Amino acid sequence: MKHFKKYYHYYLISFIVLIAILLRFYQLGNVPISPDWDEASLGYNAYSILMTGHDEYGKFLPPVIESFGDYKPALYSYLAIPSIAMFGLSVFAVRLPGAIMGVVAVIATYFLVDELFKRKKLALLSSFFLAISPWSLQFSRVAFEAALGDTFVVLTVLFFLKGLKKTWFLYLSVICAALNLYIYQSEKVFSPLIFLLLVIIFNKQILLKSRKILLALIVTGIIFSAPMVIFTISNSKSLERLTATDIFATYNPYAKPVTWLLGMTPMENLQDKQNHDVLGLLLDNRKVILTEQILSNYLMHFNPNWLLMPDNTAPRHHAPQMGLIYLSDFVFLLIGIYSLFYLNVDRRSKWLIFGWFLLSPVPASVTIEVPHAVRTLNFLPTFQIFISLGLLTSFEFIKNKYGQKISLFALAVFILVLMFNVAFYLDNYFVQYNYYNSQDWQYGYAKLVPYLQSQQNNYKKIIVSNAVPLDQSYIFFLFYLKYPPSRYQHISETLGSHYTQDHAFGKFEFRPISVRELKQPVKGYLYVIGANQITKGDNILKTIDYLNNQPAIFVIKG
């Protein structure tokens, strides 16, 4: 018994890690039911680099994957190479790095909270709530680079804090921060911000280090970040994804905005000039309006409805009927935020957690499609820390005011409510999700590609649509066919990587298919289209349905 009391936290964190592993690895290749185009792209490019040292467009060991013209940072693909080498090019192998790093985030959160607050219970609870977090599970079970980036942020902070005592940890912190630039676009903003926050808060301890060490740390950061920085500066297309999503590039001064804090529209600027309205001219201008929009975007990420209710505009970001956090957690989240102000700990720990929490929505605030669960994944694990602190504070208050029996009863009630919330989530995710959301995960290629492969010798050419819902269909064929990268690289040298680019290899062509072409198909050709393009007819050779039995893909004989 004494042995257990002395080492109980090791047993508990081991149990929590086991839970994290089970929730992230169970049915990993089957839930969600299909890879989306980004997963297929990351996987095939990893396979291409493994086999040839070049990506699909023939670039040698690139820091960035051109993909569909969105220029994804390439680190996830590199981390997927070992799993693809071991298990082959498969959905499981592509998702495995994300699942592993999701577990690493749970472990790192325990040590981070323990380092900050020196409270084992708080550290254990924080890691436990991250292990079962719907927000974390949703993205660590899929090849979402953002989940990887969040783990690297946690490691950056943890190693920085450790490095204040043991200098060699600071090198690991700098390396993690620099590597984060190669993971996800938002991390190019957030990773420098969180590192700057650490330096500001702990500047006295940092300045105690010798100049030689500080110089070595700076050089280390430059060495590891230089390839990405050089690529970004030298390649004019490297920021295409940013310009496609940021509000500065997409701003239209004559378009009516969806919402404005001051209730004004850019068109009013023209009216102000005609009416000689000086105050109006000051307020109704591009800089003011964009500032209002950025602030509005920022505040949207603190909206309880977004956190608690399902976002029907982004079904891939949550399970059916679920938000990003459990309903049972919300009250304790608020209590935890309040409690941290008065918690008897080092004030620098408070500044770090509050600063982290407040900086997390910054990258998403200058983009469209807000609030955005992926671009703000860096909120984790601050939410879990607040929830855990709120829970401990609440039950400590109940115990002191009403006695231990009442506090134990309240704890039992909370555990029952939490168990119901978790069971509801697990049912919606592992049982209901595939049925209701297979269309959102571009389902059908795992059945389509083998079928066409078996039929291709009977036809001159196979034309595959690249229009919705078959966007970027070529990458799924490369993925499922395991098409030899060396052969495809010779073809792709003459192609661009633009989002709307047509592709072709072997007997396959990937391009828009017109209604006229479908009405007068070429004999000896096969046509593959989304079920939204036509209704059923006599010339449909095969139909592939979504899991809800609605038609997804038609194969039409010419």
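Positions within a chain are numbered from 1, following the residues in the order the chain's sequence is written. The predicted origin of the model limits local features to residues at a pLDDT of at least 70 and limits the giving and counting of side-chain atom pairs to 80 or more, whereas totals for whole chains, interfaces and linings rest on all residues. For the side-chain quantities, the full set of heavy atoms in the structure was used; hydrogens and water were omitted.

Caption draft 1: Looking closely at the overall build of the protein. Along the backbone of the protein there are 26 helices and eight strands. The rule is simple: take the accessible area with a 1.4 Å probe, protein chains only, and divide by the maximum for that residue type; under 20% is buried, over 50% is exposed, in between is partly exposed. Buried positions account for 53% of the 558 residues belonging to the protein. In the protein, the proportion of contacts linking residues at least 24 apart, taken out of those at least 6 apart, comes to 73%. Calculation of accessible area relied on Shrake-Rupley with a 1.4 Å probe; when residues are assessed, cover is drawn exclusively from the protein chains displayed. Element-wise, carbon and sulfur atoms account for 64% of the exposed surface of the protein, whose accessible area totals about 25,900 Å². Helix and strand labels come from DSSP, where a helix needs a run of H or I of at least four residues and a strand needs a run of E of at least two; each type is numbered from the N terminus. Contact between two residues is taken to exist if any of their heavy atoms lie within 4.5 Å; hydrogens are not considered.

Caption draft 2: Highlighting the nonpolar core. Among buried residues, the Ala, Val, Leu, Ile, Met, Phe, Trp, Tyr and Cys ones that are joined through side-chain atoms within 4.5 Å form a nonpolar core. Counting 153 residues, the largest nonpolar core has Phe117, Trp135, Leu452 and Phe477 as the members making the most contacts within it. In terms of residue count, the dominant contributor to this core is helix α4 (residues 91-117) (13 residues). Discounting chain neighbours no more than four positions away, the residues touching Trp135 are Trp306, Leu307, Leu324, Ala373, Thr376, Leu377, Phe379, Leu380 and Phe383. Counting ten residues, the second-largest nonpolar core is a separate cluster that includes Ile513, Tyr527, Ile529 and Ile556.

Caption draft 3: Representation of the pattern of salt bridges. Any Lys or Arg side-chain nitrogen found within 4 Å of a carboxyl oxygen on Asp or Glu counts as a salt bridge. All chains considered together, the criterion is met by 14 salt bridges. Residues Arg95 and Glu39 are paired through a salt bridge, measuring 2.7 Å at the closest nitrogen-oxygen approach. With Arg95 in helix α4 and Glu39 in helix α2 (residues 37-52), this pair connects stretches of sequence that are 56 residues apart. Both residues of the pair, Arg95 and Glu39, belong to the buried class. Arg375 is the salt-bridge partner of Glu369, the closest N and O atoms lying 3.9 Å from each other. For Glu369, a relative accessible area of 53% corresponds to the exposed category. Where salt bridges share partners, they join Glu115, Lys118, Lys162 and Lys165 into one cluster.

Caption draft 4: Inspection of the pairing of strand β6 (residues 525-530) at higher detail. A large share of β6 lies buried, amounting to six of its six residues. Burial along β6 is two-sided: Tyr525, Tyr527 and Ile529 and Leu526, Val528 and Gly530, pointing in opposite directions, are all buried. Note that strand β3 (residues 461-464) and β6 share four bridges and pair parallel. The residue of β6 that forms the bridge with Ile463 is Tyr527. Paired strands, in this sense, are two strands between which DSSP finds at least two bridges. As defined by bridge partners, β6 adjoins strand β8 (residues 551-557) across five bridges and the pair is classed as antiparallel. Residue pairing in the sheet places Val528 in a bridge with Val555 of β8.

Caption draft 5: Here's a closer look at the layout of surface pockets. Grid points spaced at 1 Å and placed over the protein atoms alone form the basis of the search, with a cavity being a set where a 1.4 Å probe fits but cannot get out and a pocket an open set showing protein on both sides within 12 Å along at least five of seven lines. Lining residues have an atom within 4 Å of a point. Grid points are joined across faces, edges and corners, and a volume is the space filled by probe spheres set on the points. When its volume is computed, the second largest pocket comes out at roughly 1,100 Å³. Around the second largest pocket, the lining comprises 31 residues; the ones closest to its centre are Lys121, Leu125, Leu391, Leu392 and Leu411. Elements that contribute at least two residues to the lining of the second largest pocket include exactly α1 (2-25), α5 (120-131), α21 (382-402) and α22 (404-437). If you tally residues by element for the lining of the second largest pocket, the top one is α22, at nine residues. Each residue is assigned to one class: nonpolar for Ala, Val, Leu, Ile, Met, Phe, Trp, Tyr, Cys and Pro, charged for Asp, Glu, Lys and Arg, and polar for all the others, Gly among them. Partitioning the lining of the second largest pocket into residue classes produces 22 nonpolar, four polar and five charged.

Caption draft 6: Broad picture of helix α18 (residues 327-342). Burial in α18 covers these residues: Ser328, Asp329, Phe330, Phe332, Leu333, Gly336, Ser339 and Leu340. Elements that come into contact with the buried residues of α18 comprise α4, α5, α17 (304-308), α19 (347-359), α21 and α22.

Caption draft 7: A look at the packing of aromatic side chains. Only Phe, Tyr and Trp rings are paired, with Trp represented by its six-membered ring, and only when their centres lie within 6.5 Å; those with planes under 30 degrees apart are stacked, over 60 edge-to-face, the remainder tilted. Inspection of the entire model under this criterion finds 48 aromatic pairs. On the numbers, 5.9 Å between centres and 55° between planes, the contact of Trp135 with Phe379 is tilted. Of the two residues, Trp135 sits in helix α6 (residues 134-140) while Phe379 sits in the loop between α20 (362-365) and α21, which places them 244 residues apart along the sequence. Taken individually, Trp135 and Phe379 each receive the classification buried, so the pair is uniform in this respect.

Caption draft 8: Representation of helix α23 (residues 445-455) within the structure. Within the sequence span of α23, burial applies to Tyr445, Leu448, Val449, Tyr451, Leu452 and Gln455. Projected down its long axis, α23 carries its buried residues within an arc of 170°, all on one side. Check the buried side of α23 and you find it contacts β3, α24 (473-481), β5 (508-510), β6, β7 (540-545) and β8. To obtain the arc, one takes the directions from the helix axis to the C-beta atoms.

Caption draft 9: Spotlight on the pairing of β8. Here β8 lies mainly inside the structure; five of its seven residues are buried. Summarising the sheet, β7 and β8 pair through five bridges and their orientation is antiparallel. Looking across to β8, one finds that Lys542 is bridged to Val555. In sequence, β7 turns back onto β8 through a hairpin of five residues, with Asn549 there showing a positive phi of about 75°.

Caption draft 10: Region of the structure containing the packing of α23 against α24. As a packed pair, α23 and α24 sit with axes 10 Å apart at the nearest point and diverge in direction by 70°. As summarised for this structure, α23 and α24 are arranged roughly perpendicular, according to the angle between their axes. Here Tyr445, Ala446, Leu448, Val449, Leu452 and Gln453 of α23 lie close against α24, whose contacting residues are Ser473, Phe476, Phe477, Tyr480 and Leu481. Tallied by class, residues from the contact of α23 with α24 come to nine nonpolar, two polar and no charged. Simply put, an axis is a line fit to the C-alpha atoms, just over the touching stretch for a helix, and the angle between two N-to-C directions goes from 0 to 180 degrees. Orientation is classified from the angle alone, with under 35 degrees giving roughly parallel, over 145 giving roughly antiparallel, 65 to 115 giving roughly perpendicular, and any other angle giving oblique.

Caption draft 11: Geometry of unusual backbone geometry. Here the bond from Val31 into Pro32 is cis, since omega is 0°, no more than 30 degrees from zero. By the secondary structure assignment, Pro32 is in the loop between α1 and α2. For the bond running from Leu380 to Pro381, omega is 10°, close enough to zero to count as cis. A positive phi angle, close to 60°, is found at Glu369, a residue other than glycine. As for its position among the elements, Glu369 is in the loop between α20 and α21.

Caption draft 12: Geometry of the environment of Ser365. Along the chain, Ser365 falls in helix α20. In this structure Ser365 comes out as buried when scored by relative accessible area, which is 3%. Between the C-alpha atoms of Ser365 and Ile294, which are 71 residues apart in sequence, the distance is 5.3 Å. Any pair of nitrogen or oxygen atoms within 3.5 Å is treated as a polar contact; in protein, a donor-acceptor pairing is required on top of that, and neighbouring residues in sequence qualify only through side-chain atoms on both sides. Among the polar contacts made by the side chain of Ser365, one reaches the main-chain carbonyl oxygen of Pro361 at a distance of 2.7 Å.

Caption draft 13: Up close: the packing of α18 against α21. Orientation of α18 relative to α21, taken along the N-to-C sense of each, is 85°, at an axis distance of 6 Å. One element, α18, and the other, α21, form an angle in the roughly perpendicular class. The segment α18 lies against α21, with Asp329, Phe332, Leu333, Ile335, Gly336, Ile337, Ser339 and Leu340 engaging Phe383, Phe386, Ile387, Leu389, Gly390, Leu391, Thr393 and Ser394. Residues of the contact of α18 with α21, tallied by class, amount to ten nonpolar, five polar and one charged.

In short, shape yes, function no, at least from these values alone.
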